[in-house]
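Read off the chains here:
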Amino acid sequence: MDFGLSEEQQLLQDTVAQFLANENDPNQLRARFDAEEPHDETFWKGLMELGLGGLLVPEEHGGAGLQMIDAALVAETMGFAAAPGPFLGHTLAGLAIALGGSEAHKRAWLPKLATGDALGTVAFGEEDGSWLPEQWSVGGDALTGTKCHVPYGAQADVIVVGTKGGGLALVAPGDGATIELFEGVDRTRRLYTVRFDGAAAEALPDGSDAASRTRDAALILLAADAFGGASRVLAMSVEYAKTREQFGVTIGHFQALKHQLANMALETEPARGLFWYAAHAFDEVPEDCERMAALAKAHVTDRFMHVAREATEAHGGIGFTWECDVQMWFKRALFDRAWLGTPGTHRERAAQLAGW
Amino acid sequence: MDLSYGPEYEAFRGEVKAFLDAEWPLKGDEAKLDLQGQAVAFRKKGIAAGYLARSIPRHYGGSEQEADSLKAQVIREEFARARAPMEAMGIGTMMLVPTLLERGEEWQRERWVEDTVLGNTAWCQGYSEPGAGSDLASLKTKAELDGDDWVINGQKIWTSGAQHADFMFILCRTEPGEKKHGGISYLLLDMKQPGIDVRPLRQMTGGADFNEVFFSDVRTPKDWIVGKRGEGWLVSRTTLKHERNSIGNAAQAQGTFRNILKLAKQSTIDGKPAIENPAIRQRLATLEGYVQAHVYSGYRQMTAGLRGEDAGMIQLMNKLHSTNIGQEVAKIAVDLLGDGALTDPSQGARGLFAGPENAAGWVGQYMSSLGVAIAGGTGNIQRNVIAERGLGLPRDYFADAHKR
Ligand SMILES: Cc1cc2nc3c(=O)[nH]c(=O)nc-3n(C[C@H](O)[C@H](O)[C@H](O)COP(=O)(O)OP(=O)(O)OC[C@H]3O[C@@H](n4cnc5c(N)ncnc54)[C@H](O)[C@@H]3O)c2cc1C
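Definitions and cut-offs
Residues numbered from 1 in each chain as written. Chains lettered and ligands numbered in written order. Predicted model: local features only at pLDDT ≥ 70, side-chain atom pairs only at ≥ 80, totals over all residues. Heavy atoms only, no water. Helix = DSSP H or I, 4+ residues; strand = E, 2+ residues; numbered from the N terminus. Rg over C-alpha atoms; globule rule 2.2 N^0.38 Å. Buried < 20%, exposed > 50% of the residue type's maximum accessible area, 1.4 Å probe, protein only. Contact = heavy atoms within 4.5 Å. Areas by Shrake-Rupley, 256 points an atom, 1.4 Å probe, with all protein chains shown as cover. Lys, Arg positive; Asp, Glu negative; His and termini not counted. Charge placed at Lys NZ, Arg CZ, Asp CG, Glu CD. Salt bridge = Lys/Arg side-chain N within 4 Å of Asp/Glu carboxyl O. Phe/Tyr/Trp six-rings, centres within 6.5 Å; stacked < 30°, edge-to-face > 60°. Domains from an automatic or database assignment. Buried area = accessible area lost by both parts, 1.4 Å probe. Nonpolar A, V, L, I, M, F, W, Y, C, P; charged D, E, K, R; others polar. Axes fitted to C-alpha atoms, helices over the stretch in contact; angles between N-to-C directions. Parallel < 35°, antiparallel > 145°, perpendicular 65-115°, else oblique. Pairing = 2+ DSSP bridges. Polar contact = N/O pair within 3.5 Å; in protein donor to acceptor, adjacent residues only side chain to side chain. Near = heavy atom within 4 Å.

This part covers the overall build of chain A. Looking only at helices and strands, chain A has 12 helices and 10 strands in total. Relative to its length of 356 residues, chain A is compact, with a C-alpha radius of gyration of 20 Å against a globular reference of 21 Å. By principal-axis analysis of the C-alpha atoms, chain A measures approximately 70 × 50 × 40 Å. Expressed as a percentage of the 356 residues in chain A, the buried residues total 61%. Contacts in chain A between residues far apart in sequence, at least 24 positions, make up 75% of those at least 6 positions apart. With the model as given, the accessible surface of chain A reaches about 13,200 Å², and the carbon-plus-sulfur share is 49%. Placing the 28 positive and 50 negative side-chain charges of chain A at their respective mean positions leaves the two points 5 Å apart.

Okay, the pattern of salt bridges next. It is possible for side chains of opposite charge to pair when their charged atoms get near one another. Residue and element names in this part refer to chain B. On inspection of all chains with the given rule, the structure shows 42 salt bridges over all chains. The residue E106 makes a salt bridge to R109 at a minimum N-O spacing of 4.0 Å. With E106 and R109 both in helix α5 (residues 106-118), this residue pair falls three residues apart, about one helical turn. Taking the relative accessible area as the measure of exposure, E106 reaches 36% and is therefore partly exposed. When its relative accessible area of 16% is taken as the criterion, R109 is described as buried. Taking the shortest distance from any N to any O, the salt bridge between D335 and R283 comes out at 2.7 Å.

Attention now moves to the packing of aromatic side chains. All names here are of chain B. Evaluation of the coordinates by the stated rule reveals 30 aromatic pairs over all chains. Here the aromatic rings of W107 and W112 are separated by 5.6 Å at their centres, their planes lie at 50°, and the arrangement is tilted. On the basis of relative accessible area, W107 is assigned to the partly exposed category, the value being 28%. In this structure W112 comes out as buried when scored by relative accessible area, which is 1%. Relative to Y186, the ring of F169 lies with its centre 5.8 Å away and its plane at 10°, an arrangement referred to as stacked. In this pair, F169 is assigned in strand β4 (residues 167-173) and Y186 in strand β5 (residues 184-190), connecting sequence segments 17 residues apart.

Turning our attention to the domain arrangement of chain A. When the parts of a complex come together, some accessible area is lost, and that lost area is often used as the size of the interface. All names here are of chain A. Here chain A is partitioned into domain 1 (7-115), domain 2 (120-207) and domain 3 (209-353). Placing a centre on the C-alpha atoms of domain 2 and another on those of domain 3 gives a separation of 27 Å. With 18 residues of domain 2 at the contact, the number on the domain 3 side is 19 residues. In total, about 1,500 Å² of surface goes out of reach between domain 2 and domain 3, with carbon and sulfur atoms giving 73% of it. Looking at the side of domain 2 facing domain 3, the largest losses of area belong to W131, L132 and R189, adding up to 37% of the total buried there. In this structure, the connection of domain 2 to domain 3 is made through two salt bridges. Along the lines of polarity and charge, the residues of the side of domain 2 that touches domain 3 split into 10 nonpolar, four polar and four charged.

This part takes up unusual backbone geometry. For the peptide bond that leads from W24 of chain B to P25 of chain B, omega is 0°, which places it in the cis range. Within the secondary structure, P25 of chain B sits in the loop between α1 (6-23) and α2 (35-48). Even without glycine at this site, Y152 of chain A takes up a positive phi of about 50°. By secondary structure assignment, the location of Y152 of chain A is in the loop between β3 (142-151) and β4 (158-163). Among the residues examined, Y152 of chain A registers a relative accessible area of 1% and is labelled buried. In this structure, W158 of chain B is a non-glycine residue whose phi angle is positive, near 60°.

The next point concerns the packing of helix α10 (residues 286-314) of chain A against helix α8 (residues 278-307) of chain B. Contact geometry of α10 of chain A with α8 of chain B gives a least axis separation of 9 Å together with a crossing angle of 100°. The angle between the axes of α10 of chain A and α8 of chain B places the two elements in the roughly perpendicular class. Counting all contacts with α10 of chain A, which are made through R291, M292, L295, H299 and R303 of chain A, the residues of α8 of chain B involved are A285, T286, E288, G289, Y290, Q292, A293 and Y296 of chain B. Across the contact of α10 of chain A with α8 of chain B, the residue classes tally to six nonpolar, four polar and three charged.

Turning our attention to the sheet that holds strand β2 (residues 125-126) of chain A. If you trace the four strands from one edge of the open sheet to the other, you get β2-β3-β7-β6 (chain A), paired in antiparallel fashion. The strands lining the two open edges of the sheet, one partner per strand, are β2 and β6 (177-182) of chain A.

Residues and elements named next belong to chain B. Annotation of chain B at the domain level lists domain 1 (7-87), domain 2 (123-231) and domain 3 (248-403). Just the C-alpha atoms count here: the centres of domain 2 and domain 3 sit 31 Å apart. Contact with domain 2, which involves eight residues of that partner, is made by eight residues of domain 3. Roughly 630 Å² is buried in total at the junction of domain 2 and domain 3, and carbon and sulfur atoms are behind 63% of that figure. It is S134, M204 and T205 that lose the most area in domain 2 upon contact with domain 3, and together they represent 59% of the buried surface on that side. Summed over the shared surface of domain 2 and domain 3, the result is zero salt bridges. On inspection of domain 2 and its partner domain 3, the count reaches zero residue pairs in polar contact (both at pLDDT 80 or more). The residue makeup of the side of domain 2 that touches domain 3, split by class, is one nonpolar, four polar and three charged.

What follows deals with the site of the ligand. Residues in close proximity to the ligand total 20 residues, the closest being Q255 of chain A together with S128, S134, W158 and T378 of chain B. Residue neighbours of the ligand fall on chains A and B, so the site bridges chains. Backbone polar atom of Y127 of chain B to an oxygen atom of the ligand: 3.1 Å apart, as the coordinates give it. Protein contact buries 66% of the 970 Å² of open area that the ligand shows by itself. When its residues are assigned to classes, the shell around the ligand shows six nonpolar, 13 polar and one charged. Mapped onto the domain boundaries, the shell around the ligand takes at least three residues apiece from domain 2 (123-231) and domain 3 (248-403) of chain B.

In structure tokens, the structure reads:
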């Protein structure tokens, strides 16, 4: 019985946190947030040098061969820092290929994804607002149809596309795909609309298993990101309460605000065990994973959104400005909550999976 | 991470099961005892086998086992499965025994620990007063030395189980010159004596579990004091580093959740099973998010305990998180009950929240989920603790007023 982090896991998290504290402090983050240029390659390269390109890629293909809990801990740290860039889509693309690809697919893509020499992403969302494998409609030998909210679609060297019937196919963007920027709210994770018009695609042989596993992985990584984000806006609000003065004292003296902050902590801290368990279940308790991933995404992203709203209010007028850092996490919360389906969608799935 | 118990503990589980198979239910003459007698007889066997009273030295009637949270958890699971009694529940085992073990005199431990754990002796807690609740240290009940006795005058309120208790542990003001917290002593007293007037207080549920207790010249021997004079506040804050039951608390939340799920399956809305209603499904799944978070927070804390690490802020949140869950269960329940929520709760079978046929029990839970939220530190007091000790925010202005 041991439900805690190993020394290696703590070290991994500390290493990433340290890198992000140096390379993505609030000023650097803001510059990236405000930039026209959607992708900061230098910053991304730094993350790749830490080995974050292939966390879930097997060692035989040049990755770190780690477990979902490790990737989730990294995602938590990224959420805490609101780290911009394609980490989510890239990690999921590597996982999908590792799980569902042929030997040739794996040899062609995984080593390059692991080092960051190639950028991967996933295309799951559709124009009608659906996200899930059983709802995908894009299909055909030459792929036709539209995928929405594809992270860093324009920068990706390979897109793992969710296809009709719940499978996955690889597309290397080029002929037969037009890619447009979607004006997204979360400027730390840029999204694109990808229109396929007879694009060459290679189906993954084990695509349908890989699709459901990759969906679960995505739900877990979003939950982890949300936990990190919620912890950060809580910390920012507590810090502000200890420095801002009104009525001759720091505002942290006022009980209404203290209780608001205590409630935010109560919404956040217990959720840590929930995303840990969902991530642990991915590798170790597969029969629990699908449902716990759905519950974790629903619960933790909802908590993050709520806490981000409270944090905005706890900052007063400055909280409502572009200048206030909270807004960047607020928008990250909107992403975590909506991407791959709302909390309501995943609660209904959890209900069905329990046979309710 | 590994949530399994591993071969060593599974082997231990086998031993516990074999013990329970052999010993519970009781056989022969012992099976003819009344329920209380059976519980006492069985607890003795459980202690002899090393499964109960594990943190209590043998000398005081315990089984003196090495602290092992996992073994303790296995025992709880198997005893619950077999519906076998554990140590006598209640404030005596939970609060008085650890306090005596940490702070009591030798003779006090010898006299009370074993009987309390076995269930031969029942205690009540005399802390709250009409004017002293959240601000407990403002209590006024007085104890004065008169020869070899303390003489107690004053009033306690909300005293659960005072009508059945053999003894009370009570906080009294003994050092009139001292400041608020410094003037309090922790005394023990016999409830069966003249001068004590226990008056039941009817709760909103209709039942009467708690009481007002009036003291006029009630006597208790000079040495029935735990800790020194004026140290009562500190003594009342003592807790033992015993096998922590962080999973037990989570198991309770899971149990309550299973009950509300059952209620949803057995109730109907618009002629269809309520569990098929989309709004109900959403509320249940939302609640389950909190329940699962609570469960895995329990495992986190247990692991921290096993590793000798500090689990952090989560430890300050257990009460509020679980009473919030209890209150949400209650709110969903009254919606599921529909006009069943018109039922008088005093007619209900308490604690057995089965299906809609026990509407009274559920209406009772709708109310008593507030009772537990208030008792032992209200929600606001919990939030103060989280804000001050967890987040490091300033202490309350008024709560510190006595220091100015
Ligand atoms: C079912 C039940 C069983 C109980 N059993 C026992 C028992 O066996 N023995 C015993 O001694 N006591 C017992 N109690 C009493 C219990 O501990 C007190 O009721 C509790 O501590 C609150 O005190 P109070 O009732 O005086 O409320 P108050 O302290 O008057 O509180 C009233 C309201 O004011 C708020 N408030 C008070 N102070 C603050 C503050 N500093 N900041 C913000 N808000 C504040 C509270 O949160 C609450 O909402 C029991 C209570 C219940 C409900």
